[in-house]
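Listed below are the residues making up each chain.
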Amino acid sequence: MATPLSRTKEALASLLFPWRFMLISLTFLPSTLLTLLRTRDFHSLFSWPLLQAAWFGRFWSWAGPQVRLSAEELVVPLLEGRVVAGKVLPSTNLSSARVPGVGGTVLEIGPGSGNWVSIFSDRYLSPSSTSTESGTTPGTRAKVTRVYGVEPNPAQHPQLRAKIAEAGLGDVYEIVPVGIEDLASSGRVAPESVDCIVSVLCLCSIPEPRKNIAELYGYLKPGGRWFVYEHVKRPLDEGWVMSLYQGFVNLLWPHLIGGCDLRRDTAQWLKKAGPWSEVDLVHPENTPWYHTVPHTIGILTK
Ligand SMILES: C[S@@+](CC[C@H](N)C(=O)[O-])C[C@H]1O[C@@H](n2cnc3c(N)ncnc32)[C@H](O)[C@@H]1O
Ligand SMILES: *[C@@H]1O[C@H](CO)[C@@H](O)[C@H](O)[C@H]1NC(C)=O
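Being a predicted model, the structure only gives us computed values, none of them experimental.

Novice: Account for the site of ligand 2, with residues named and values stated.
Specialist: Taken together, Asn93, Ser95 and Ser96 are the residues near ligand 2. Ser95 is positioned such that a nitrogen or oxygen atom in its side chain is 3.5 Å from an oxygen atom of ligand 2. Taking Ser96, its side chain carries an N or O atom lying 3.0 Å from an oxygen atom of ligand 2. Protein coverage of the free-state accessible area of ligand 2, which is 360 Å², stands at 25%.

This is how it looks when you write it as structure tokens:
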């Protein structure tokens, strides 16, 4: 049972979390600068975007695994199609599951250091879904036959490659080393060709989000699914104090956390990206008022 005291402690820790996260990120800056100096990478030293990418790559090799630990109880079932209206369904009762999990051809946006790559491996395949098709049973995952991981930050590629090898996905997972804004000109992925898009904590960091989210919609086949776990803006109508506080934190946050923006209306932009046959995108169950970085979770079906 949560006592008032433990609730207060938890709320305080939660309010302080962004400052702690930014401080820890700062501690990775000196070693980033030293490495760039030592490798005589003056190009990155004198370009803020390149320096920020190198810095973020180092920081995320520490932060990524922590984030995975706290988010996997939602993200693993999400990719299995077991999250409905922000709640995780038990795998023993999928009667209210509506959509199959990931399978077939997948476009992963901003995989970073490969935190979620292992989920695409057959080891996560439930015994009931051994078909090679893209999957038709709600709440279960099917075989993933191809993944395009669109990751523009080269500082993260070595770790991403290691995660791909670890998961035994060498022949399945292809790194596309561009930002999604350059995906079309890369010619690597055809329009309406993917069964699934997976975006986990990355739409906060892409340029021109509204435009690029709408463009990504075009890669989905009709019937294709977009699996979403992203953090979003606190609107005023969810409480003006936290909305203001989030705006205040966000004055500093993007500069220290690799360009990540806390104040994006990502859920609305996803809903308006194009016509969907089914939309299930809400805050996870029990999102408390004092979360500075509240999330949206769910699946949109084209
Ligand atoms: C906060 S990290 C999350 C990484 C990973 N999805 C995870 O959950 O651990 C955001 C990622 O988005 C990537 N990113 C930034 N700009 C991007 C763009 N234009 N297109 C695709 N990915 C981008 C960053 O390089 C970074 O790896
Ligand atoms: C399965 O879950 C549904 C609601 O999602 C519930 O109505 C039903 O009673 C559950 N069945 C079993 C056997 O637990």
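Novice: I'd like a rundown of the sheet that holds strand E4 (residues 144–150), residues and numbers included.
Specialist: If you walk across this open sheet you meet the seven strands as E5-E4-E3-E6-E7-E9-E8, and the pairing is mixed. Either end of the sheet is taken by a strand with one partner, and the two such strands are strand E5 (173–176) and strand E8 (278–282). Going across the sheet, the axis of each strand differs from the next one's by a mean of 15°, ignoring polarity. Bridge analysis of E4 against E5 gives four bridges, and the strand direction is parallel. Note that in E5 the partner of Tyr148 across the bridge is Glu174. Along the sheet, helix H4 (residues 48–79) makes contact with strand E6 (194–200), strand E7 (220–231) and strand E9 (295–301), crossing E7 at roughly 175°.

Novice: Any chance you could break down the pairing of E6 for me, citing the residues and the numbers?
Specialist: For E6, a buried count of seven out of seven residues is recorded, marking the element as mostly surrounded by other parts of the structure. Where strand E3 (residues 104–109) and E6 come together, four bridges link them in parallel fashion. The partner of Leu107 across the bridge, within E6, is Ile197. In this structure, E6 lies alongside E7, joined through six bridges in parallel fashion. In the sheet register, Val200 faces E7, and the bridge partner there is Tyr229.

Novice: Requested: an account of helix H8 (residues 240–249), with residues and values cited.
Specialist: Buried within H8 we find Met242, Ser243, Gln246 and Val249. The arc that holds every buried residue of H8, seen down its axis, measures 125°, which confines them to one face. Facing away from the buried side of H8 by more than 90 degrees, the exposed set consists of Trp240 and Leu244. Buried residues belonging to H8 abut helix H1 (4–27) and helix H9 (253–256).

Novice: Give me the lowdown on the packing of aromatic side chains, citing residues and values where you can.
Specialist: In this structure the tally under the stated criterion is 14 aromatic pairs. The interplanar angle of 35° and the centroid separation of 5.2 Å between the aromatic rings of Phe17 and Phe21 together place this pair among those described as tilted. With a gap of four residues between them, Phe17 and Phe21 both fall in helix H1, about one helical turn apart. The class for Phe17 is partly exposed, based on a relative accessible area of 33%. For the ring pair Phe56 and Trp60, a centre distance of 5.2 Å and an interplane angle of 20° mean the geometry is stacked. With Phe56 and Trp60 both in helix H4 and four residues apart, this pair spans about one turn of that helix. Through successive ring pairs, a cluster of aromatic residues spans Phe17, Phe21, Phe28, Phe56, Phe59, Trp60, Trp62 and Trp253. A cation sits over an aromatic face here: Lys302 above Tyr217, 4.2 Å from the ring centre.

Novice: Requested: an account of the UniProt feature "transmembrane region" (unreviewed entry) in the chain, with residues and values cited.
Specialist: Listed under "transmembrane region" (unreviewed entry) in the UniProt record, and renumbered for this structure, are residues 17–37. Counted over residues 17–37, helix gives 95% and strand 0%. Its end C-alpha atoms are 32 Å apart.

Novice: Got a sec to walk through the nonpolar core? Specific residues and values, please.
Specialist: Ranked by internal contacts, the top residues of the largest apolar core, which has 30 residues, are Leu79, Phe120 and Tyr173. Elements with a contribution of two residues or more to this core: H4, E4, helix H5 (157–166), E5, E6, E7 and E9. For this core, the element with the most residues is H4, which contributes six residues. Each residue touching Tyr173, except ones within four places of it in the same chain, is listed here: Glu108, Pro111, Val117, Phe120, Val147, Gly149, Leu160 and Ile164. By size, the runner-up hydrophobic cluster in this structure holds 27 residues, among which are Ile180, Leu183, Val194 and Tyr217.

Rules used in this analysis
Residue numbers restart at each chain and count upward from 1, following the sequence in its written direction. Here chains are named by letter from A upward and ligands by number from 1 upward, in the order in which they appear as written. Only residues with pLDDT of at least 70 get local features here, since the model is predicted, and only at 80 or more are side-chain atom pairs given and counted; chain-wide, interface and lining totals rely on the full set of residues. Hydrogen atoms and water are omitted, and side-chain values are computed over all heavy atoms in the structure. Note on terminology: near, applied to a residue and a molecule or strand, indicates that one of the residue's heavy atoms is within 4 Å of it. Nitrogen and oxygen atoms within 3.5 Å of one another constitute a polar contact, given that in protein one can donate a hydrogen and the other can accept it, and given that sequence-neighbouring residues count only through two side-chain atoms. For the accessible areas, the method is Shrake-Rupley and the probe is 1.4 Å, while residue cover comes only from the protein chains on display. Criterion used throughout: strands pair if DSSP finds at least two bridges between them. A helix here means a DSSP run of H or I that spans at least four residues, while a strand means a run of E at least two residues long, and both kinds are numbered starting from the N terminus. Every angle, taken between N-to-C directions, lies between 0 and 180 degrees, and every axis is a line fitted to C-alpha atoms, over only the stretch in contact when it is a helix. In what follows, residue pairs with any heavy atoms lying within 4.5 Å of each other are defined as contacts. Here's how the labels work: a residue is buried when its accessible area is under 20% of the maximum for its type, exposed when over 50%, partly exposed in between, all with a 1.4 Å probe on protein chains only. This arc is built from the directions going out from the helix axis to the C-beta atoms. Pairing of aromatic side chains requires ring centres within 6.5 Å, counting the rings of Phe and Tyr and the six-membered ring of Trp. Pairs whose planes differ by under 30 degrees are stacked, by over 60 edge-to-face, and all others tilted. Sitting over a ring, as applied to charges here, requires NZ of Lys or CZ of Arg to be within 6 Å of the ring centre and within 35 degrees of the ring normal. UniProt positions are given in the numbering used here, feature names are shortened, and annotations may be inferred rather than shown by experiment. We define a nonpolar core as any set of buried Ala, Val, Leu, Ile, Met, Phe, Trp, Tyr and Cys residues linked to one another through side-chain atoms lying within 4.5 Å.

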